[in-house]
Structures are given as structure tokens and as C-alpha cells.
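Overview (structure and organization)
Each chain, written out:
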Amino acid sequence: MPEGPSVRRFQLLTSPFVGQVVAKVGGSSQKINVSDLNALRLQDSQVHGKNLYLAFVAAEGPSGPTAEEMVLQKEDAPVVCSPVQGGQEQMCAPHAHPQDEELQELQHSRSEGPGNWLRFHFGLFGSVRANEFSRANRANKRGDWKDPVPRLILHFESGGFLAFYNCRMHWCSSPRADPASDILSVEFHRGQALDALRAPNPICYTLLDQRYFSGLGNIIKNEILYLAKIHPLTQGSLLAPSDLERLLDCALQFSSDWLHHKLCGQGLHPQIYQREQCPLGHPVMKGTFGPLGGFKRLTWWCPQCQPEVL
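Under an unreviewed UniProt entry, the chain has the name Endonuclease 8-like 2 and belongs to Piprites chloris. According to the UniProt record, the Sequence similarities (unreviewed entry) comment for the chain is "Belongs to the FPG family." The heading Subcellular location (unreviewed entry) in the UniProt record of the chain holds the text "Nucleus".

**Focus on the pairing of strand β3 (residues 51-58)**
Side-chain direction in a regular strand flips from residue to residue, so the side chains alternate between the two faces of the sheet. Burial within β3 is extensive, with 7 of its 8 residues counted as buried. Across 8 bridges, the pairing between strand β2 (residues 40-48) and β3 is antiparallel. The partner of D44 across the bridge, within β3, is A55. The hairpin turn running from β2 into β3, its antiparallel successor, is 2 residues long, and G49 in that turn takes a positive phi close to 65°. Sheet analysis places β3 next to strand β6 (residues 116-130), joined by 6 bridges and oriented antiparallel. For A55, the partnering residue across the bridge sits in β6 and is W117.

**Describing the pattern of salt bridges**
A full pass over the atoms with the stated rule returns 8 salt bridges. Residue E245 is joined to R190 by a salt bridge in which the shortest nitrogen-to-oxygen separation is 2.8 Å. Placement of the pair is E245 in helix α7 (residues 241-263) and R190 in helix α4 (residues 190-197), with a sequence separation of 55 residues. On the accessibility criterion, R190 (29% relative accessible area) is partly exposed. The shortest N-O distance in the salt bridge between D249 and R190 comes to 2.5 Å. With D249 in helix α7 and R190 in helix α4, this residue pair connects regions lying 59 residues apart in the sequence. Accessibility expressed as a relative area gives 40% for D249, which makes it partly exposed. Each member of the salt-bridge network shares a partner with another, and the members are R190, E245 and D249.

**A look at helix α1 (residues 4-14)**
Among all positions in α1, only G4, P5, S6, V7, F10, Q11 and T14 are buried. For α1, the elements touching its buried residues are β2, β3, β6, β8 (161-172), α6 (218-227) and α7.

**Some remarks on the packing of aromatic side chains**
According to the stated counting rule, one finds 10 aromatic pairs in the structure shown. Measuring from centroid to centroid gives 6.2 Å for F56 and W171, while their planes differ by 75°, and the two rings are edge-to-face. Here F56 is found in strand β3, whereas its partner W171 is found in strand β8, with 115 residues between them in sequence. For W171, a relative accessible area of 32% translates into the label partly exposed. Cluster of aromatic residues (ring-pair linked, three or more members): F10, F120, F122 and F164. Positioned above the aromatic ring of Y226 is the side chain of K229, whose terminal nitrogen or guanidinium carbon lies 3.7 Å from the ring centre.

**Here we look at the side chain of D182**
Within the element layout of this structure, D182 appears in the loop between β8 and α4. Residue D182 is classed as buried on the basis of its relative accessible area, which comes to 5%. Of note is the side chain of D182, whose polar atom sits 3.0 Å from the backbone nitrogen of L184. Beyond its immediate chain neighbours, meaning those up to four positions away, D182 contacts R8, V47, H48, G49, F188 and S214.

**Considering the environment of H170**
Within the secondary structure layout, H170 lies in strand β8. According to the relative accessible area criterion, H170 is partly exposed, its value standing at 34%. Each C-alpha atom of the pair H170 and H121 lies 9.1 Å from the other, and the pair is 49 residues apart in sequence. Setting aside chain neighbours within four positions, we find H170 in contact with I32, W117, L118 and R119.

Analysis parameters
- Residues numbered from 1 in each chain as written.
- Predicted model: local features only at pLDDT ≥ 70, side-chain atom pairs only at ≥ 80, totals over all residues.
- Heavy atoms only, no water.
- UniProt positions renumbered as here; feature names shortened; annotations may be inferred.
- Buried < 20%, exposed > 50% of the residue type's maximum accessible area, 1.4 Å probe, protein only.
- Helix = DSSP H or I, 4+ residues; strand = E, 2+ residues; numbered from the N terminus.
- Pairing = 2+ DSSP bridges.
- Salt bridge = Lys/Arg side-chain N within 4 Å of Asp/Glu carboxyl O.
- Contact = heavy atoms within 4.5 Å.
- Phe/Tyr/Trp six-rings, centres within 6.5 Å; stacked < 30°, edge-to-face > 60°.
- Lys NZ or Arg CZ within 6 Å of the ring centre and 35° of its normal.
- Polar contact = N/O pair within 3.5 Å; in protein donor to acceptor, adjacent residues only side chain to side chain.

Put into C-alpha cells, the structure is as follows:
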């Protein structure tokens, strides 16, 4: 399924349509009533980890400011001043909490989002297309060259449209996310992530735990373990602090670079993921690993470059 960098790119495709009104809808989704989106205004677009969130409001009247604009307007709000006991000085404070904390909350969690939010979680080969449809690049199992069917199509009054493929959708009151765990967020909490990596669990399990590494998926997991020269089944508690620091550096740098390449229209060239040999020419091993009772994910590693720690 698409990982954090891909979903970030999806969000950038939707952002030019913010403020526009839905003129017509279509799609094959049976999970939501797509006709409910008719005549609504797309109010906001956000991404958190592997999830895309779109906010819709009634189109009547002006669209109103975005949440960020509302916060910035408070900078010009009058202040409330009260005299300090026993003196003539006055202490002045704005009506609201400090602007930076409130802006962060609105940008990333929005406990009171504007209107209703539609959450998108993408499956294998899930995608978003702007002003174009996805076309078949190979025949299916029956030999048919059949184009993928969008789950949702939003046509806007401007004439443009968005098409969403292979995704699950449901309505929610607000985005649920912790920016401290988002690997592509400026508020990613390095200390929290290192604490998670130190747990006595196989490191490949911890990396896919979205509570601490939101947006990190199987491709990123395989690539950064190879870059850091760490065996996927190594217990985090057995790794030196410098090894954990290097692994986290690899995670953040690889994710950022992948996003940059996507925005430049460049493809990903994995070093270990789905490879038979590592860049040094060593044979690559493949196994399926995951926690007991949880999802098992395919893992590739080089036994010579990533020796097991006992």
C-alpha cells in the first residue's frame, strides 16, 4: 500500500481544489453514499501518515477562512490587561493560548475540524489522479486490458476533477493523528521514536508500528535496515545507541528523499527491496515476519551486510 511519501504527494494533488465546489460525483464505492458529496465545497486537505483527509462543508455563502487563517487573525486580536498586585505595571495576554501551539494543533490534529472529514486509506496500487484517469499498463489475469475503476470521482465547478483508486473511505469528525509520530512531519519526536526502537522486540516489527512511525511502510523498512546494516530480526534492546541513531537518521532521510523524488517525477530504485542481490553482489534472503497474531510482511535482507546480532 502507498507509504507516507506517496500519500503526501496525493495531498498535494488535491490541494489546488480546496475552496472549489463539487459539481458532479461518481465512482464504484459502496462504503459511502457518493451523492452526499454533491454541491459541497472542499474546505481542507490534510495528510497524516498513510491517511488522507478531506474536509467538506456546505457550499452556500462564502467559504470562509481556513483554520490556519483563523489562527493567524488572532495575532491582531485585542489583549486583556490586568494590573499587577501592589504595582502600576500591567501584565497583558491575548485571549487565546500561544499562537504557535494553537496553530500546530489546528494544522495536525484539528479536534474541531471545519465540517465533515472524509478519511482515505489506500490499498495496494491505491492512488489519486488529478484531471486524468489511471490507465491499464498490463493485462489482468484474464488477459483483458481493462482500466482500473475509480472508487470515487469528484468533478468540480472549475472543470477539473479528482479520481481516487483502491481506497477505503469513511466519514469522521476530525483527523486523528499525532504529528510527533509522523516521519515526514516537522514535529516528529526523535526521542519518542528512539525509546520505541529500544524495546526488546525485533526491530522490523517496531518500525512498522504506526504509533511511533506513522507513514513508514514495508519498502522504507527494508531499505533503511539495509542502509543501517541491521538484521531485521535483531532485538532493539541489543543494539547500541549509535546504531539506533543511525537507523532513525536513515528512516528520516530516506523518507524525505523519496518524497523529493516523487515530486520531481523520479522513480524509486530500491537497493534491497524485491532484489535478488544487494548492491555489493551478495545474495539476498527473503522471509515473512511479523508479531504473533499480527500482520506478516515480506522482508528482504543481506546476511553478509546485515549480520544477525545474538
